[in-house]
Amino acid sequence: MKALVFAAGKGERMRPLTDTTPKPLLEVRGKPLVAWHLERLAARGVREVVLNTSWLAQCFKPALGDGSRWGLRLHYSYEGPEPLETGGGMLHALPLLGEAPFIAVNGDIWCDYEFSRLPDEPAGLAHLVLVDNPEHHPEGDFALLPDGQVLPAGESRLTFSGIGLYRPALFGNWRTSIGAAAGAELDPPRFRLAPLLRAAMRAGAVTGEHHRGAWTDVGTPERLAALNAGR
């Protein structure tokens, strides 16, 4: 199994820290955020990881090399000077990811979820890891049913952790799913992943699980400081 780590974002809310360092390379408890993911992916048995890059792309290879220190092979999917968002970035990386199901994880989260808990392949088009709603996102994202189905709306919504298992077929009809979203007309196209996931949920093709452990969206300097302080 291969994996994709989203590492292309500008990290605008993290400035000035991200003026010179991409957010996934900011250190948490002595090592870069992305290194935590690489370690857990390697422990899952992943051997090839794609990092999509854009903002300060030149910083990643000197910091991470070819991935051999984790027993991995790293591939870099450069998107150009403007990030392609999560959907466009995943679509752009598909030639490197191949035709089999793959793991994807946001490079700017910290989580104690073990990737070994993921199934070998999703039952449908995607399998998402959901977490309790943090204070800064109390309304959540998606509803998880007792049978493991994930819906775009419902009474008890949870927050998408940024960790998922996907089939490339999720993109089989992506233009219809996202409609006239701004950026879809570009080459390469720029769009978010969420509309594709919601379309797949409406078709009953997304499952999920609730991770009740530690999880932080490292979106602000304050959250980064709290994480490093053990809070």
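This write-up is about the structure you can find in this document. (Residues numbered from 1 in each chain as written. Predicted model: local features only at pLDDT ≥ 70, side-chain atom pairs only at ≥ 80, totals over all residues. Heavy atoms only, no water.)

## Focus on the packing of aromatic side chains
Argument step 1. Per the stated rule, a full pass over the model turns up six aromatic pairs.
Argument step 2. Ring centres of tryptophan 174 and phenylalanine 191 lie 4.7 Å apart, and the angle between their planes is 5 degrees; this geometry places the pair in the stacked category. With tryptophan 174 in helix α4 (residues 174-178) and phenylalanine 191 in the loop between α4 and α5 (194-202), this pair connects stretches of sequence that are 17 residues apart. Taken individually, tryptophan 174 and phenylalanine 191 each receive the classification buried, so the pair is uniform in this respect.
Argument step 3. Three or more aromatic residues link up through ring pairs in this structure, and these residues are Phe171, Trp174 and Phe191.
Argument step 4. Between the NZ or CZ atom of lysine 31 and the centre of the ring of tryptophan 36, over which it lies, the distance is 4.0 Å. (Phe/Tyr/Trp six-rings, centres within 6.5 Å; stacked < 30°, edge-to-face > 60°. Helix = DSSP H or I, 4+ residues; strand = E, 2+ residues; numbered from the N terminus. Buried < 20%, exposed > 50% of the residue type's maximum accessible area, 1.4 Å probe, protein only. Lys NZ or Arg CZ within 6 Å of the ring centre and 35° of its normal.)

## A word on the nonpolar core
Argument step 1. Counting 30 residues, the largest nonpolar core has Leu4, Met90, Leu128, Tyr166, Leu170, Phe171 and Leu197 as the members making the most contacts within it.
Argument step 2. Among the secondary structure elements, those contributing two or more residues to this core are β1 (2-6), α3 (85-97), β6 (102-106), β8 (126-131), β11 (157-166), α4 and α5.
Argument step 3. Sequence-distant contacts of phenylalanine 171, defined by excluding residues within four places in its chain, comprise Gly87, Met90, Leu91, Leu94, Phe191, Leu193 and Leu196.
Argument step 4. Counting residues in each nonpolar core, the second largest holds 29 residues, with Val49, Phe115, Val131 and Leu165 among its members. (Core = buried A, V, L, I, M, F, W, Y, C linked by side-chain atoms within 4.5 Å. Contact = heavy atoms within 4.5 Å.)

## A few points about the layout of surface pockets
The method is simple in principle: a probe with the dimensions of a water molecule rolls over the atoms, and the space it marks as empty is what remains.
Argument step 1. By volume, the largest pocket amounts to about 1300 Å³.
Argument step 2. Every residue lining the largest pocket is counted, 41 residues in all, and those nearest its centre are Glu85, Thr86, Asn106, Asp108 and Arg192.
Argument step 3. Those elements that provide at least two residues to the lining of the largest pocket are α3, β11, α5 and β13 (215-217).
Argument step 4. Considering every element that reaches the lining of the largest pocket, the biggest residue donor is β11, with five residues.
Argument step 5. For the lining of the largest pocket, a count of residues per class yields 16 nonpolar, 11 polar and 14 charged. (1 Å grid on protein atoms, 1.4 Å probe; cavity = no way out; pocket = protein on both sides within 12 Å on 5 of 7 lines; lining within 4 Å. Points joined across faces, edges and corners; volume = space filled by probe spheres on them. Nonpolar A, V, L, I, M, F, W, Y, C, P; charged D, E, K, R; others polar.)

## As for the pairing of β11
Argument step 1. In terms of burial, β11 is largely enclosed, as nine of its 10 residues are buried.
Argument step 2. Both β6 and β11 contribute to a ladder of four bridges, which runs antiparallel. Considered in β11, the bridge of isoleucine 103 is made with leucine 165.
Argument step 3. Across six bridges, the pairing between β8 and β11 is antiparallel. Among the inter-strand pairings, valine 131 is bridged to a residue of β11, identified as threonine 159.
Argument step 4. For strand β9 (residues 142-144) and β11, the ladder comprises two bridges, and the chain directions are antiparallel. Of the residues in β11, the one forming a bridge with alanine 143 is arginine 157. (Pairing = 2+ DSSP bridges.)

The quantities given are spatial measurements derived from coordinates; they are silent on function.
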